[in-house]
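Residue-level structure breakdown
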Amino acid sequence: MNLNKQRIRLLVLCFVAGFTIAACAKPPREPTAPPVPPGSVIAQEQVFDGKTFINTLELPAGPYARFGLPKMTKLVHEKHALNSDTVAWLKVPNTTIDDVVVWYPNDRNEFYLRRNFEKRSDFNGIFFADYRCKFDGTAAGLSRNTVIYGHSMSDDPLDYRQQFSPLKFFRDEEFARKTPYIYLSTHGEDLIFEVFSVMHASTGLLYNSPEPEDFNALIAECKARSIYSYDVDVKEGDKILTLSTCTYSLPDGRRFPLVTADNGYRYAVMARLITDRQNLKNESSLAVNRNLKAPEV
């Protein structure tokens, strides 16, 4: 009798054990997500070149944006702790331009011309803002035209040894089309600028004035010299960003010796500050400028 009871207990234990194993082996049911109302924007945490951001940007055509606004204010604070001249972080998508911007208002753009972030002598220099610019950590505190300089010792955009050589990628129409925005972060804000001009100009054009006397006239001149006509409206009250570097060739085919005396020309990519982020796009609307104005006119 006792032997039969033991056998029954053993059979019960085997059944319970088998049921438990089977239950554990079965994958758990995935929770059903609530339906998303049409037109809603899904916030997705992603990684943008190593920096985490929340993507809440929707493309006009419907698909959710693959890009988002990089959160770089933390980097500005970290660099400022090491060098109090730090005012911003600059990023140009699809290039290696992704670094700190310094500002030294106590001279005429000489201090950081051939110095690095550690303030040591460096022929390649660093990204630095025009000494006449203004910064208070906010978009409201920026100059009308925030001008940032960087070296390029050739027109080869793959010459990554130079700070602004990759800006020359904008000469390629497909690249320009795929790169509508430039990102600049200050101490307090992450900003988006939309490109509206890729131009060559003589130094006689005051495109690098932080507070242009006639803003609308300057914008018109920079658009006329742009190798592309962008469908971007720059208004009187807008703020713009100018990235300026040297050039050793012009659209008309003229070429200049490298790293010699100043040839009197500059290459610049200009963009306007985006304040309405509801309709960001994944491509620029542009066309080759068939009425390109000569740089020195």
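Here's what I pulled together on the structure shown here.

About the thresholds
Residues numbered from 1 in each chain as written. Predicted model: local features only at pLDDT ≥ 70, side-chain atom pairs only at ≥ 80, totals over all residues. Heavy atoms only, no water. Helix = DSSP H or I, 4+ residues; strand = E, 2+ residues; numbered from the N terminus. Buried < 20%, exposed > 50% of the residue type's maximum accessible area, 1.4 Å probe, protein only. Contact = heavy atoms within 4.5 Å. Areas by Shrake-Rupley, 256 points an atom, 1.4 Å probe, with all protein chains shown as cover. Core = buried A, V, L, I, M, F, W, Y, C linked by side-chain atoms within 4.5 Å. Pairing = 2+ DSSP bridges. Axes fitted to C-alpha atoms, helices over the stretch in contact; angles between N-to-C directions. Salt bridge = Lys/Arg side-chain N within 4 Å of Asp/Glu carboxyl O.

Here's the deal with the overall build of the chain
Of the regular secondary structure elements, the chain holds 4 helices and 12 strands. A total of 297 residues make up the chain; the buried ones form 47% of that total. Here the contacts in the chain between residues at least 6 apart in sequence split such that 63% fall between residues at least 24 apart. Entry remark: accessible area of the chain is about 16,100 Å², with carbon and sulfur atoms responsible for 54%.

Quick word on the nonpolar core
Grouped together as the largest cluster of nonpolar side chains are 67 residues, with contacts concentrated most on Leu90, Ile148, Leu167, Phe170, Val198, Tyr230 and Leu243. Per-element accounting of this core gives the leading share, 8 residues, to strand β8 (residues 190-202). The residues touching Ile148, leaving out its near neighbours within four places in the chain, are Leu90, Val101, Phe127, Phe128, Ala129, Phe164, Leu184, Leu241, Thr242, Leu243 and Ser244.

A closer look at the sheet that holds strand β11 (residues 265-273)
As summarised here, the arrangement of the 8 strands in space is β3-β4-β5-β6-β10-β11-β8-β7, forming a closed barrel in which the pairing is mixed. Adjacent strand axes in the sheet meet at a mean angle of 30°, parallel and antiparallel pairs treated alike. Relative to strand β5 (residues 127-129), strand β4 (residues 98-103) runs parallel, the two sharing 3 bridges. Paired with Trp103 across the strands is Ala129, a residue of β5. Across the sheet, helix α2 (residues 73-82) is in contact with β3 (86-91), β4, β7 (181-185) and β8; its angle to β3 comes to roughly 140°.

Details of the pattern of salt bridges
Considering all chains together, one arrives at 16 salt bridges under this definition. Residue Arg132 pairs with Asp130 through a salt bridge whose shortest N-O separation is 2.8 Å. Across the pair Arg171 and Asp155 runs a salt bridge whose closest N-O atoms are separated by 3.6 Å. With a gap of 16 residues between them, Arg171 in the loop between β6 (145-149) and α3 (173-178) and Asp155 in the loop between β6 and α3 connect regions that are remote in the sequence. Arg171 gets classed as partly exposed once you look at its relative accessible area, which sits at 25%. Taking relative accessible area as the criterion, Asp155 reaches 18% and is therefore assigned buried.

Remember, this is a structural readout, not a statement about activity or role.
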